[in-house]
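# Observations on the model geometry
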Amino acid sequence: MGMNKNTILGWATFIMTLMGFLLIGLGIFKYSEVSGWGFAAVGIGFFAIAWVFNALKGRV
């Protein structure tokens with residue numbers, strides 16, 4: 001069972017989305033001060049990178 005480029009990009013998209021949800025959840029539930037805004041911003045950045053990885057599937 002070999003992993004080709006599309007499989008790797010699919011796993012990367014899944015992991016980045018999961019980390020994005022985790023960081024946004026930390027920003028909302030654990031850190032309700034100013035630092036929560038930073039966690040949420042980084043989580044949204046993870047979503048943006050995951051979106052790019054998903055768009056690259058089948059094109060690389």
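Structure's up top.
Below or above, wherever it landed, is the structure these notes cover.

Reading guide: rules and limits
- Residues numbered from 1 in each chain as written.
- Predicted model: local features only at pLDDT ≥ 70, side-chain atom pairs only at ≥ 80, totals over all residues.
- Heavy atoms only, no water.
- Helix = DSSP H or I, 4+ residues; strand = E, 2+ residues; numbered from the N terminus.
- Rg over C-alpha atoms; globule rule 2.2 N^0.38 Å.
- Buried < 20%, exposed > 50% of the residue type's maximum accessible area, 1.4 Å probe, protein only.
- Contact = heavy atoms within 4.5 Å.
- Areas by Shrake-Rupley, 256 points an atom, 1.4 Å probe, with all protein chains shown as cover.
- Axes fitted to C-alpha atoms, helices over the stretch in contact; angles between N-to-C directions.
- Parallel < 35°, antiparallel > 145°, perpendicular 65-115°, else oblique.
- Left-handed = near helix turned anticlockwise from the far one by under 90°.
- Nonpolar A, V, L, I, M, F, W, Y, C, P; charged D, E, K, R; others polar.

In this section: the overall build of the chain. Scanning the chain from terminus to terminus reveals two helices and zero strands. Against the 2.2 N^0.38 benchmark of 10 Å for 60 residues, the chain shows a C-alpha radius of gyration of 14 Å, more extended than a compact globule. By residue count, 17% of the 60 residues in the chain fall in the buried class. For the chain, long-range pairs separated by at least 24 residues make up 58% of all intrachain contacts whose partners lie at least 6 apart in sequence. Carbon and sulfur atoms provide 75% of the accessible area of the chain, an area that totals close to 4,600 Å².

In this section: the packing of helix 1 (residues 5–30) against helix 2 (residues 34–56). Axis separation between helix 1 and helix 2 bottoms out at 8 Å; the angle between their running directions is 165°. Judged by the inter-axis angle, helix 1 sits roughly antiparallel to helix 2. Judged by the sense of rotation from one axis to the other, the crossing of helix 1 with helix 2 is left-handed. When the residues that make up the contact of helix 1 with helix 2 are grouped by side-chain class, the tally is 18 nonpolar, seven polar and no charged.

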